[in-house]
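# Summary of the model geometry
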Amino acid sequence: QVQLVESGGGLVQAGGSLRLSCAASGRTFSNYAMGWFRQAPGKEREFVVTISFSGGSTYYADSVKGRFTISRDNAKNTVYLQMNSLKPEDTAVYYCTAGAYGLDPEEYDYWGQGTQVTVSS
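Note that the structure is a prediction, hence the values are computed from the model and not measured.

### Some thoughts on the sheet that holds strand β7 (residues 68–73)
The strand order across the open sheet built from 4 strands is β1-β3-β8-β7, with neighbouring strands paired in antiparallel fashion. Strand pairing shows two members of the sheet lacking a second neighbour, β1 (4–7) and β7, which therefore form its edges. Strand-to-strand twist of the sheet, defined as the mean angle between neighbouring strand axes without regard to direction, takes the value 15 degrees. In the sheet, strand β3 (residues 18–24) pairs with strand β8 (residues 78–83) via 6 bridges, with the strands oriented antiparallel. Bridged to A23 within β8 is T78.

Structure representation (structure tokens):
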């Protein structure tokens, strides 16, 4: 049983930063690979980043590489997405996922409800 709750979204100016958090339940949290996806209005869900269960391996979409950083603290059952140098095109609902290390959303078993990130120019 895994439940995910995202937080930390909001409105930020271009060039600013936000940190998203994903709080997970379950004693087996550390056994799950995790990911972040995003979905803009009228667009398909887009891969952002994934992280292995141990945190030792990560893979980023080219669009966010060098600006976003994923991390996890298994002791706190929390995954983070630090977003720097934000651009208007980063505007989307961001979803935390669990259960896979991959780029396809169908590979993941669990999803949070999402948190809105809006970047103004």
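### Notes on unusual backbone geometry
Here the phi dihedral of N77 falls at roughly 55 degrees; this positive angle occurs in a residue that is not glycine. Checked against the element boundaries, N77 lands in the loop between β7 and β8.

### Looking at the state of the cysteines
As enumerated under the stated definition, the model contains 1 disulfide in all. Put simply, C22 and C96 are joined by a disulfide, and their sulfur atoms are 2.1 Å apart. Its S-S torsion of about -80 degrees marks the bond between C22 and C96 as left-handed, since a negative value means left-handed. Residue C22 is found in strand β3, and its partner C96 is found in strand β9 (residues 92–98); the two are separated by 74 residues along the sequence. Neither C22 nor C96 differs from the other in exposure class; each is buried.

Criteria and cut-off values
Residues numbered from 1 in each chain as written. Predicted model: local features only at pLDDT ≥ 70, side-chain atom pairs only at ≥ 80, totals over all residues. Heavy atoms only, no water. Pairing = 2+ DSSP bridges. Helix = DSSP H or I, 4+ residues; strand = E, 2+ residues; numbered from the N terminus. Axes fitted to C-alpha atoms, helices over the stretch in contact; angles between N-to-C directions. Disulfide = S-S within 2.5 Å. Buried < 20%, exposed > 50% of the residue type's maximum accessible area, 1.4 Å probe, protein only.

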